[in-house]
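# Residue-level structure breakdown
What follows is each chain in one-letter form.
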Amino acid sequence: MLSLLATTILALMPQAQDSIVLVDGTVLEVDKILTETFKEVTYKRGRSEGRKASEEVLEVRHKVGASVLEDYVYALEVMDSKKYADAAGVFMSVLEDEKLMNRKGYEWVRQHALFRRIRCMNSLADFAAVSAAVDQLLADVPDTFFYAPALLMKAQTKMDSGDKKGAEKVFKRLQDDVVSKGLPQRWSREAELGLLLLNDKLKGDDRQRALQGLAEKNLTQFPTVAARARVEVGNALVGEGKYDEARTFFLEIIKEGKGGDSVLAAAISGKGDCSYRQALSMDSPAEQKPYLEEAVLDFLTVASVYREEVRLVPRAMYFAGDSLKRVGDSGGARQVANRLRQLFPASSWKSKLFKELNLQ
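Residues numbered from 1 in each chain as written. Predicted model: local features only at pLDDT ≥ 70, side-chain atom pairs only at ≥ 80, totals over all residues. Heavy atoms only, no water.

Turning next to the sheet that holds strand E3 (residues 32-36). If you trace the three strands from one edge of the open sheet to the other, you get E3-E4-E5, paired in antiparallel fashion. Of all strands in the sheet, those bounded by a partner on one side alone are E3 and strand E5 (48-53). Here the average twist between neighbouring strands, direction ignored, is 25°. (Pairing = 2+ DSSP bridges. Helix = DSSP H or I, 4+ residues; strand = E, 2+ residues; numbered from the N terminus. Axes fitted to C-alpha atoms, helices over the stretch in contact; angles between N-to-C directions.)

Take a look at the structure:
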């Protein structure tokens, strides 16, 4: 947990120099990022130039100390403070600054500002805006480093809004783009996972075996895909009532820390599900209490640390509130409910929690 906190704090600090974060967690400090596309990231280090295939790169960080980037830095700060609506507006102002957009050496700002604005819209659960903003990014920067992550976010918002056919269409587009545009094979595997999750015909053991097979297929070459698949294996185990086995899956994923925030948030949420469901399987409130308290901790961690994971946060807040009610902390449960209403007023999870707590 301390290492995770340290990584988070460092990520929020102004960058002193350019750096590249690899999918295995290695941070490569460089003198200058030269280009970043969906195929590769090139950089200068000393007198030599180097390159990393984009599938090896988790994140590209630019130094932001120049005065010309003051508005962009302010947008980052607002976003980091979780004021996503305000941040989205500031990023739009940055994008409308033609002087900055046309300034040599700062070409990278456009795609970073566009993608961060997408993330802000996603955090607000404004799914229509996410879809439109993804389309804008791909139109304005056709070879953007964020090409596949943006499409995956669009697919996820389609899933979250109940548009399974729309999500399937986006996943299939991504698979086609791997072939036609030469995107890294990693993204075809991500799309394969997305389509598998949309397959309602796969249930029970068949679903678990398919997910486990996908995890094993990607373990060596595409660890981030494997980590996401393993989370879903854990979720399948939870669905079958195999809580101890599922918890082992989630704990290993959390300990490894691979796959980025979405994987970690999903694993922590899954661990919370294990504790919550185990508690409900017990008759004695005294036996239930430690499991429910552990569930509260996990669900509130998801809600507070991983606010951008909109598919998980309202659900996590519901289960945190319900768990607090079950351990007798009605005041804490109401606080969670009111915060849920403030952040996601239209969420079905908000309505469900308010009904559970007899709130108006």
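After that view of the structure, there is still more to cover.
What follows deals with the environment of Pro-223. Looking at the element boundaries, Pro-223 is found in helix H11 (residues 223-239). With 27 residues separating them in the primary sequence, Pro-223 and Phe-250 have C-alpha atoms 15 Å apart. Each residue touching Pro-223, except ones within four places of it in the same chain, is listed here: Val-23 and Asn-218. (Contact = heavy atoms within 4.5 Å.)

The next point concerns the pattern of salt bridges. In this structure the tally under the stated criterion is 20 salt bridges. In this structure, Glu-190 engages Arg-228 in a salt bridge whose closest nitrogen and oxygen atoms are separated by 2.7 Å. In this pair, Glu-190 sits in helix H9 (residues 185-198) while Arg-228 sits in helix H11, placing the two residues 38 residues apart along the sequence. What makes Arg-228 partly exposed here is its relative accessible area of 22%. Across the pair Arg-230 and Glu-256 runs a salt bridge, and its minimum N-O distance is 2.9 Å. Placement of Arg-230 in helix H11 and of Glu-256 in helix H12 (residues 243-256) is noted, with a sequence separation of 26 residues between them. Each of Asp-322, Lys-325, Arg-326 and Glu-356 takes part in a single network of salt bridges with overlapping partners. (Salt bridge = Lys/Arg side-chain N within 4 Å of Asp/Glu carboxyl O. Buried < 20%, exposed > 50% of the residue type's maximum accessible area, 1.4 Å probe, protein only.)

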